[in-house]
Amino acid sequence: MFGGFLISLGTISTAFTSSINQMYLTIGIVTGLGYCLTFLPTVTILSQYFSRRRSVVTAMASTGESFAIFAFAPAFTALKNYIGWRYTFVVIGTLQGITIICGALLHPIVIKPTSQTETEQKITYTLPGEQVQGFGSSGDSVVQSLEQEQGLKSGIELEEVEPVQVNPKQQDNTSKNRLLDLTVLKEGGFLCYSAFGLFATLGFFAPQLYVVELSASLGTERDKAAYMLSTMAISEIFGRLSIGWVMNCGCIRKIFVLLICVSLMCLVLVLFTIVNGFWGLVVCCVLYGFLLGNIASTHIPMLAEDDVVGIQRMPLAVGVYVCIQSFAGLAGPPLGGVLVDITQNYSAAFYSCAAGMGLGAIFLGLVRPAKTGHLCRRRKNGENNSAVEQVSKSSQRNC
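What counts, and at which threshold
- Residues numbered from 1 in each chain as written.
- Predicted model: local features only at pLDDT ≥ 70, side-chain atom pairs only at ≥ 80, totals over all residues.
- Heavy atoms only, no water.
- Helix = DSSP H or I, 4+ residues; strand = E, 2+ residues; numbered from the N terminus.
- Buried < 20%, exposed > 50% of the residue type's maximum accessible area, 1.4 Å probe, protein only.
- Phe/Tyr/Trp six-rings, centres within 6.5 Å; stacked < 30°, edge-to-face > 60°.
- Salt bridge = Lys/Arg side-chain N within 4 Å of Asp/Glu carboxyl O.
- Core = buried A, V, L, I, M, F, W, Y, C linked by side-chain atoms within 4.5 Å.
- Contact = heavy atoms within 4.5 Å.
- Axes fitted to C-alpha atoms, helices over the stretch in contact; angles between N-to-C directions.
- Parallel < 35°, antiparallel > 145°, perpendicular 65-115°, else oblique.
- Nonpolar A, V, L, I, M, F, W, Y, C, P; charged D, E, K, R; others polar.
- 1 Å grid on protein atoms, 1.4 Å probe; cavity = no way out; pocket = protein on both sides within 12 Å on 5 of 7 lines; lining within 4 Å.
- Points joined across faces, edges and corners; volume = space filled by probe spheres on them.
- Polar contact = N/O pair within 3.5 Å; in protein donor to acceptor, adjacent residues only side chain to side chain.
- Patch = residues over 30% accessible without salt bridge, like charges linked within 9 Å, V, L, I, M, F, W, Y side chains within 5 Å.
- Areas by Shrake-Rupley, 256 points an atom, 1.4 Å probe, with all protein chains shown as cover.
- pLDDT = per-residue confidence, 0-100.

The name an unreviewed UniProt entry gives the protein chain is Solute carrier family 16 member 6a isoform X2, with Danio rerio as the organism.

Engineer: Tell me about the overall build of the protein chain, and please be specific about residues and values.
Structural biologist: Helix and strand content of the protein chain: 17 helices and 3 strands. Going through the 399 residues of the protein chain one by one, you find that 40% of them count as buried.

Engineer: Let's hear about the packing of aromatic side chains: which residues, and what values?
Structural biologist: All chains considered together, the criterion is met by 9 aromatic pairs. An aromatic cluster of three or more residues is present, and its members are Tyr193, Phe196 and Tyr321.

Engineer: Talk me through the pattern of salt bridges; I want residue IDs and the actual numbers.
Structural biologist: All chains considered together, the criterion is met by 6 salt bridges. Among the ionic pairs, Glu236 bridges to Arg240, the shortest N-O distance being 2.8 Å. Highlighted residues: Glu236 and Arg240, both in helix α11 (residues 227-249), separated by 4 residues, approximately one helical turn. This pair shows no difference in class: Glu236 is buried, exactly as Arg240 is. Between Arg253 and Asp307 there is a salt bridge; the shortest N-O distance is 3.0 Å. Of this pair, Arg253 sits in the loop between α11 and α12 (254-272) while Asp307 sits in the loop between α13 (278-296) and α14 (314-343), placing them 54 residues apart in sequence. Residue Asp307 is classed as buried on the basis of its relative accessible area of 9%.

Engineer: Can you tell me about the nonpolar core, naming the residues and giving the values?
Structural biologist: Counting residues in each nonpolar core, the largest one holds 62 residues, and the members touching the most others are Tyr193, Leu258, Phe272, Tyr288 and Leu303. The set of elements that each furnish at least two residues to this core consists of α2 (20-49), α8 (188-200), α9 (206-217), α11, α12, α13, α14 and α15 (347-365). Per-element tally for this core: the top contributor is α12, with 10 residues. Apart from residues no more than four positions distant in its own chain, Tyr288 is found in contact with Gly203, Phe204, Phe205, Pro207, Gln208, Met232, Met265, Val268, Leu269 and Phe272.

Engineer: Got a sec to walk through the side chain of Ser194? Specific residues and values, please.
Structural biologist: Here Ser194 is to be found in helix α8. Note on Ser194: relative accessible area 2%, which makes it buried.

Engineer: Lay out the packing of helix α1 (residues 2-14) against helix α4 (residues 85-96) with the relevant residues and their values.
Structural biologist: Orientation of α1 relative to α4, taken along the N-to-C sense of each, is 170°, at an axis distance of 7 Å. Classified by the angle their axes make, α1 and α4 are roughly antiparallel. Contacts from Gly4, Ile7, Ser8, Thr11, Ile12 and Thr14 in α1 reach Trp85, Phe89, Val90, Ile92, Gly93, Thr94 and Gln96 in α4. In the contact of α1 with α4, the residues fall into 6 nonpolar, 7 polar and no charged.

Engineer: An account of unusual backbone geometry is needed here, citing residue identities and associated values.
Structural biologist: Despite not being glycine, Gln344 shows a phi value in the positive range, around 55°. Position of Gln344 among the secondary structure elements: in the loop between α14 and α15. With relative accessibility at 67%, the residue Gln344 sits in the exposed group.

Engineer: Please set out empty space enclosed by the protein residue by residue, giving values where relevant.
Structural biologist: Evaluation of the coordinates by the stated rule reveals 2 cavities of 30 Å³ or more. Roughly 30 Å³ of internal volume is contained in the second largest cavity. If you trace the second largest cavity, you find it lined by Ile255, Phe256, Leu259, Leu364, Gly365 and Arg368. Elements that contribute at least two residues to the lining of the second largest cavity include exactly α12 and α15. Residues that form the lining of the second largest cavity fall into these classes: 4 nonpolar, 1 polar and 1 charged.

Engineer: Tell me about the environment of Val246, and please be specific about residues and values.
Structural biologist: Within the secondary structure layout, Val246 lies in helix α11. By relative accessible area, which is 44% here, Val246 ends up partly exposed. For Val246 and Val56, which are 190 residues apart along the polypeptide, the C-alpha to C-alpha distance reads 8.6 Å.

Engineer: Can you tell me about the side chain of Ser235, naming the residues and giving the values?
Structural biologist: Of note, Ser235 is situated in helix α11. A polar side-chain atom of Ser235 sits 3.0 Å from the main-chain carbonyl oxygen of Met232. At a separation of 3.3 Å, a polar atom in the side chain of Ser235 contacts the main-chain carbonyl oxygen of Val286. Leaving out residues up to four positions away in the same chain, Ser235 has contacts with Cys285, Val286, Gly289 and Phe290.

Engineer: Pulling in residues and values, what's your account of a nonpolar patch on the surface?
Structural biologist: Nonpolar side chains collect at one region of the surface, where Phe2, Phe5, Leu9, Leu33 and Leu37 lie side by side and expose about 470 Å² of accessible area between them. Looking at the nonpolar patch, the elements that each hand over two or more residues are α1 and α2. With 3 residues, α1 is the single largest residue contributor to the nonpolar patch.

Engineer: Kindly report on the confidence of the model for the protein chain, identifying the contributing residues and their values.
Structural biologist: As a note on interpretation, predicted positions should not be read in detail where pLDDT is low. Across the protein chain, the average pLDDT comes to 75, with 74% of residues at 70 or higher. Note on residues 116-177: pLDDT under 50 across the span, and 99 contacts to partners over four residues away in sequence or across chains. Within the model, the stretch residues 378-385 combines pLDDT values under 50 with 12 contacts to residues more than four positions away or in other chains.

Below, the structure is given as structure tokens:
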């Protein structure tokens, strides 16, 4: 909710700026921080709300971005021509304030252990009666209302085998230091996945920035070349929706599905530099947009899977992962621009993106082996003393 306030404040403040340096402050810092405070918690909360249908839910939620680009971009352009860019920023900032309302509708999950024996632990997810009736039929995890709310009488009990004994003082200290805990960087699987995000991000920017110029350099009329971006956006919507259903089927491990998409993306980036003519580039844009939708809607929710860090440690890992990934987002476009200036060929930017995507695919393929090897070493050395390490040992034994 605070992030939505910052987004709205920064965008509206931009309407009253008089220099580009002031825009660096309003759009770059204030609005940028607001985007961070809204995006990461939303992805994390959605992943915690659902279990069996997590892939479908996160994929459907991510399509809002593509629909917004497809629908709002021409609408705001027309509005700018009618009322000017300053008032347009005021309108956009006002609409972005709706994020505050959306944040107010999200309730945190509070888990209260009710009883515990040597073989099982019962956890009660408490909700008002009418909410239990609405959520309980979906088969997904139930969102629990705040512990302080009154009148919470109905409950749904779930059983989990092999309970974990947690010292209350230790649990309080863990929750207090959770935001500053960087122990996730000690896990080989997470480091490989972070390297995947770092290098794969290099492959996201070139088509959007250079596909129009590449088309024009190959002889396509610039008016027709502009349709490349629209084609890419439409196919991205279908990519985001379809990948959720594919991953929800459970026929193949989700991380392997992501690996296939990343590998195909690398080939499509190379294909951009080979094809000639308008229709060849259109096919490349369709394939790229579809695969971009697959990857963009799954690479962050993938952290909730046990092959990476798991749902319990996702809130801790997602911020670190996006921070590492953002370095490539910051350096990628300038790197592509330098290569284009040196070679005087727009294909150079696509080759650099393909190389980054290829390296990302290699590190993604190493995630699961690194994860398994890391857990084996921890168990072999007898370091499973804390509650988190007992959970890791249980997961390794189940594997």
